[in-house]
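Chains, contacts and geometry: an overview
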Amino acid sequence: MQPTGSLHVGNLEGALRNWVRLQDSYWMYLCIVDWHALTADFEHTADLKERIFQMAVDFLAAGLDTEKCAIFIQSEVKEHAELHLIFSMLITVPTLTRLPTYQEKKDELDSYGFLGYPVLQAADICLYNANKVPVGKDQEKHIWLAKDLAIRFNKTYRKVFNEPEALFTTIPLILGADGRKMSKSYDNHIPLDYTEAQTTKRIMTYFTDPLKVKKGDPGRPEICPIYLLHQIYTPTHAAEIAPPCRTGELGCVECKEEIAKNLNKALAPIRKKRGELLKEPDYIWDVLEEGASRARERAQNMMEKVRSAMKTDYRKKKK
Ligand code: SF4
């Protein structure tokens, strides 16, 4: 995940909850990709450290357990850069320019780094010989690319890499206050470090069904971003929210007050843990260092195999 600083409800439901579940079934490498962050904004690096710190705090506050996963910063494991360089020889420029993510942003981002970031992503995956990568559908092409690079390397030299597969999960759709996908860049998000009062205030600004102007007007919960939140945080939503919304019996203000209450209740343990972790900044940096140390060990081991397969382990041969 790119270091965007403290996370929001969309990140929590779209990624973190899933990772917390997966950590009981898989050993995971969770990489805060600071080099990837440079592809979109290489000039503003002064707050990267703080953004990394806040993200690590949220990872732990959400329930990620350092006994079950390695949480680390990408640039702390230099082998990511080495494998990226090797992989960049195995792929053509047209393959990269055809990727939808490149096509979408090529007019604003035309750096070599941006073109090559899916190759760095492939290195991030293959460096740990990952077999499953928990991603959303929008990343499907990039996982395909990582698999393709693993296959190309194995065919060109010898088998070193597993062929990684995407591990898709059903991710609930979380919309922001303006009805678009919840995102920090749209400023429509509910940050995990908001207070209860800030959360309630943000909820009260949410778009709802535009045809439901006042209490008494029939509503359409299926098109309402507030109802999407109820589906996650209000277990009785099907009986207690949708029917009275449709008949008009339930007004939007009341409905928003209810979701604000339920959301604040669900976020309370995360916020409590967050507050405790913030009192121990050294602990957060220790977690990241320990994670990097574990990741480095695995990465170095993989790179020895890569160099050996490529017959570029010159020093070893001399002995
Ligand atoms: S009553 Fe609730 S679910 Fe219905 S439109 Fe208003 S906010 Fe949305």
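Since we're looking at a predicted model, the values are computed, not measured. (Residues numbered from 1 in each chain as written. Predicted model: local features only at pLDDT ≥ 70, side-chain atom pairs only at ≥ 80, totals over all residues. Heavy atoms only, no water.)

1. Side note on the site of the ligand
Formally: For this description, a residue counts as near a given molecule or strand if any of its non-hydrogen atoms is within 4 Å of it. A cavity, in this analysis, means grid points on a 1 Å lattice covering only the protein atoms where a 1.4 Å probe fits yet has no way out; a pocket is instead an open set bounded by protein on both sides within 12 Å along at least five of seven lines, and a residue lines either one if it has an atom within 4 Å of a point. What decides whether a molecule sits in a cavity or pocket is whether more than half of its atoms lie within 2 Å of the grid points. A helix here means a DSSP run of H or I that spans at least four residues, while a strand means a run of E at least two residues long, and both kinds are numbered starting from the N terminus. Ten residues, namely Ala, Val, Leu, Ile, Met, Phe, Trp, Tyr, Cys and Pro, are considered nonpolar, four, namely Asp, Glu, Lys and Arg, are considered charged, and the remaining ones, Gly among them, are considered polar.
The immediate surroundings of the ligand are formed by T208, D209, K212, C224, I226, Y227, C245, L250, C252 and C255. Among the detected pockets, the ligand sits in the largest cavity. Looking at the shell around the ligand, the elements that each hand over two or more residues are α11 (225-233) and α14 (252-278). Grouping the amino acids of the shell around the ligand by side-chain chemistry returns seven nonpolar, one polar and two charged.

2. Focus on the packing of helix α4 (residues 79-88) against helix α15 (residues 281-310)
Rules: Note on definitions: angles span 0 to 180 degrees between N-to-C directions of axes, and those axes are lines fitted to C-alpha atoms, for helices only across the stretch in contact. If an angle is under 35 degrees, it is roughly parallel; if it is over 145, roughly antiparallel; if it lies from 65 to 115, roughly perpendicular; otherwise it is oblique. It is the rotation of the near helix from the far one that decides the hand of a crossing: anticlockwise by less than a right angle makes it left-handed, clockwise makes it right-handed. Any two residues having at least one pair of non-hydrogen atoms within 4.5 Å are treated as being in contact.
One way to put it is that α4 packs onto α15 with a least axis distance of 10 Å and a crossing angle of 30 degrees. One way to sum up the angle between α4 and α15 is to call them roughly parallel. For the crossing formed where α4 meets α15, the hand is left-handed. Contact residues: α4 offers E79, E82, L83 and I86, while α15 offers R296, A299, Q300, M303, V306, R307 and M310. Residue classes in the contact of α4 with α15 are distributed as six nonpolar, one polar and four charged.

3. Points about empty space enclosed by the protein
Rule in force here: Grid points are joined across faces, edges and corners, and a volume is the space filled by probe spheres set on the points.
Applying the stated criterion across every chain yields a total of one cavity of 30 Å³ or more. In this structure, the largest cavity spans a volume of roughly 120 Å³. In terms of lining, the largest cavity is formed by 14 residues, of which the most central are C224, I226, C245, C252 and C255. For the lining of the largest cavity, the secondary-structure elements that each account for two or more residues are α11 and α14.

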